[in-house]
Amino acid sequence: MSRQGRWEYLKAIYPRYQQASRLEKQRILDEFCNVTRYHRKSALRLLNGVLPERPHRAPRRRPPTYGTRVIQVLAAIWRAAGYPWSVRLKALLPLWLPWARGRFRLTPALEAQLLRLSPRQMDRRLAPYRRVRQDGRYGRTKPGTLLKHHIPLRTDRWDVTVPGFTEIDLVAHSGECADGEFAHSLNLTDIHTTWVETRAVMGRGQHAVQQALEEMRQALPFALQGIDSDNGSEFINAHLLRYCQGHRIQFTRGRPYKKDDNAHIEQKNWTHVRKLLGYVRYDSPAALAAMNALYRQDLRLFQNLFLPSVKLVQKVRVGARMRRVYDRPQTPFERVQACPEADPAKVAQLAALRAQLDPFLLAEAIDQQLSCLYALAHHRAAPRPSARTPRTAFTAASHRQRGPQSSRVSPRRSGSRLVSVPASAPRQNRVTSQMARRSGGK
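From a predicted model like this one, the values you see are computed outputs, not experimental measurements.

Concerning the overall build of the protein
Thought 1: The number of helices and strands found in the protein is 17 helices and 9 strands.
Thought 2: A total of 442 residues make up the protein; the buried ones form 41% of that total.
Thought 3: Looking at the protein alone, contacts between residues at least 24 apart form 70% of all its contacts between residues at least 6 apart.

Structure follows, in structure tokens:
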């Protein structure tokens, strides 16, 4: 029954209810509840109270201020920027609009509406475009024990006001199997400016890690003053310690099994590596060269010049909740520009590059390189049982001959027989969520 119909029925039954006896009122009330589906208490309030003159009108909703075209352009910029948080999306719009003006044929009125959108409104209007993100697991580094007493622990909160103090970590690209040599991404992030440099190395050799660190030191737009790592043997070794001492680089480490001590780099491991390269295995020289070509050029410029980031300023406890306060979103390059310690020549070169590069074309080039790189991945999968091999056979010889990649058959007793149960199928390698969204994978 509609709202208008309920009011008309209430208007017709109200005088009869007021003049009825106690037993008749019970019957009228039962009939009224059955017809209108009101709760008995609500029906009593209506029938015993003053008869409303007209039914309650539904609240009028104002038409949306931002049309479909505005949201479509916003969603296109959001996708090209790698699905950033709404606060970061709001900050990057003025930087991307000069390039979006010609690409989407924006009018001045449309640009004004885009710039007027609030972060909360962006979240509401982009909700239909969001997709479920895939979870993943992190790398396979193990803590080392060599020279730990020579490298001091760092457990206090980073409170630096100059660039150059960084956290580093290795991200393993081993896929489902950690056997043999495979590629790793050496990730480095600056605490003060959030500038990120990444290089790919084959294996976890001390010499390769030191060479990649030296290459990143030369590429930084400021002097490298300190590194903070975990306790893996790729960092805790005499080779890297001598390198840091020779270049006057402060070398500290976090506590074993305490990822919170390296929270800055752990966050960048996900946003700058895992979301792009996923959890598949890269173990060929061609894949290593493709990863370094991506890290050294397009991805480095795209993330540091065009994507704003926020920094945690303080935490305020409000009752049982912890409220986090962030600073104004800025790109890492804008934070580097504000630092007098940065190299002026490198800063001027990066400023000229940012004025020339189109972020939309840069994002498309990154997507193409990611597609080619994923084609070079080694997708290992266990072979299925041969058709000639009976599934009910389970012998000690077949158990001894089974390799680490062969299909597993385990015995299970069913009544008086011993039958074999094939193990579950191998889990498929995950594709990164960002690559899947951009390339159409699932």
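Here we look at the nonpolar core
Thought 1: Ranked by size, the top nonpolar core spans 77 residues in total, and within it Ile77, Trp96, Leu213, Ile227, Leu277 and Tyr282 carry the most contacts.
Thought 2: If you tally residues by element for this core, the top one is helix H4 (residues 68-80), at 8 residues.
Thought 3: Grouped together as the second largest cluster of nonpolar side chains are 11 residues, Tyr17, Ile28, Phe32 and Leu47 included.

Thoughts on the packing of aromatic side chains
Two numbers describe a pair of aromatic rings. These are the distance of the centres and the angle of the planes.
Thought 1: Tallied over the full model, the rule gives 8 aromatic pairs.
Thought 2: Relative to Tyr38, the ring of Phe32 lies with its centre 5.9 Å away and its plane at 35°, an arrangement referred to as tilted.
Thought 3: With relative accessibility at 0%, the residue Phe32 sits in the buried group.
Thought 4: Aromatic side chains Trp96 and Phe302 sit 5.9 Å apart centroid to centroid with 75° between the ring planes, which places their arrangement in the edge-to-face category. Of this pair, Trp96 sits in helix H5 (residues 86-104) while Phe302 sits in helix H12 (residues 298-305), and the two are 206 residues apart along the sequence. We note that Trp96, like Phe302, is buried.

Observations regarding the sheet that holds strand S4 (residues 226-229)
Thought 1: Ordered in space as S3-S2-S1-S4-S5, the 5 strands form an open sheet in which the pairing is mixed. With partners counted over all chains shown, the strands left at the sheet margins are strand S3 (196-202) and strand S5 (250-253), one partner each. Adjacent strand axes in the sheet meet at a mean angle of 25° when their direction is disregarded.
Thought 2: Two strands pair when backbone bridges link them, and strand S2 (residues 183-190) and S3 are joined in this way by 7 bridges, in the antiparallel orientation. Opposite Leu188, over in S3, you have Glu197 as the bridge partner.
Thought 3: Contacts from helix H10 (residues 263-277) reach strand S1 (165-172), S2 and S3, with the element oriented near 45° to S1.

Here we look at the pairing of S4
Thought 1: Side chains Gly226 and Asp228 of S4 all project onto a buried face; the interleaved residues Ile227 and Ser229 project onto the opposite face, where all are buried too.
Thought 2: Remark: the S4/helix H9 (residues 238-246)/S5 crossover connection has right-handed handedness.

Things to note about the confidence of the model for the protein
Thought 1: When pLDDT is averaged along the protein, the result is 80; 78% of the residues meet or exceed 70.
Thought 2: Here residues 132-149 scores under 50 on pLDDT; set against residues more than four positions off or in separate chains, the count is 54 contacts.
Thought 3: A low-confidence stretch, residues 382-442 stays under pLDDT 50, and its non-local contacts, those more than four residues away or across chains, total 87 contacts.

The rules behind each value
- Residues numbered from 1 in each chain as written.
- Predicted model: local features only at pLDDT ≥ 70, side-chain atom pairs only at ≥ 80, totals over all residues.
- Heavy atoms only, no water.
- Helix = DSSP H or I, 4+ residues; strand = E, 2+ residues; numbered from the N terminus.
- Buried < 20%, exposed > 50% of the residue type's maximum accessible area, 1.4 Å probe, protein only.
- Contact = heavy atoms within 4.5 Å.
- Core = buried A, V, L, I, M, F, W, Y, C linked by side-chain atoms within 4.5 Å.
- Phe/Tyr/Trp six-rings, centres within 6.5 Å; stacked < 30°, edge-to-face > 60°.
- Pairing = 2+ DSSP bridges.
- Axes fitted to C-alpha atoms, helices over the stretch in contact; angles between N-to-C directions.
- Right-handed = clockwise from strand over helix to strand, strands pointing away.
- pLDDT = per-residue confidence, 0-100.

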